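Descriptive structure summary
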Amino acid sequence: MEKIMTIQQVMPVNEREYTDRSGQLQKFVSRGLLLSDGVDRMYAELTGEGARRTDLAAGQTCTVQMVCNARRWEDKNHDERYSNDITIIRIGI
């Protein structure tokens, strides 16, 4: 999906290390953005080197290409829960 959105809030960059399948140490980099299209507000995550961008600021209008996935999971009380995960593929300022 591609939409014109306004950035409402830019979260800090988050980095964590992990070991990939070949045993190599890698870094996972992400940053959250709170976006609005004027009607709906959503939290979306930007991953990879794009998360390190320094030109993202609240109030900017941008074109966002994203993927939305519904995820089913079980909480600690064994109740079935659902969440929507939104990942930004490309963002253009």
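All figures in this text were calculated on a predicted structure; none of them were measured in a lab. (Residues numbered from 1 in each chain as written. Predicted model: local features only at pLDDT ≥ 70, side-chain atom pairs only at ≥ 80, totals over all residues. Heavy atoms only, no water.)

Quick look at the side chain of S83
In this structure, S83 sits in strand 6 (residues 80–92). Every residue in contact with S83, bar those within four places of it in the chain, is listed here: N69, A70, R71 and W73. (Helix = DSSP H or I, 4+ residues; strand = E, 2+ residues; numbered from the N terminus. Contact = heavy atoms within 4.5 Å.)

Some words on the pairing of strand 3 (residues 25–36)
Where strand 1 (residues 2–10) and strand 3 come together, four bridges link them in antiparallel fashion. Residue pairing for strand 3: T6 is matched across the bridge by S36. The sheet contact formed by strand 2 (residues 14–19) and strand 3 spans six bridges and is antiparallel. Residue pairing across strands places Y18 opposite Q26, the latter belonging to strand 3. Between strand 2 and strand 3, which pair antiparallel one after the other, the connecting turn spans five residues, and G23 there sits at a positive phi close to 90°. (Pairing = 2+ DSSP bridges.)

Focus on the pattern of salt bridges
On inspection of all chains with the given rule, the structure shows nine salt bridges. Its salt-bridge partner being D37, residue K3 comes within 2.9 Å of it at the nearest N-O pair. With a gap of 34 residues between them, K3 in strand 1 and D37 in the loop between strand 3 and strand 4 (41–47) connect regions that are remote in the sequence. Looking at K3, the relative accessible area reads 25%, which means it is partly exposed. Two residues, E49 and R52, come together in a salt bridge whose shortest N-O distance is 3.0 Å. Through salt bridges with shared partners, one network takes in E15, K27, E49 and R52. (Salt bridge = Lys/Arg side-chain N within 4 Å of Asp/Glu carboxyl O. Buried < 20%, exposed > 50% of the residue type's maximum accessible area, 1.4 Å probe, protein only.)

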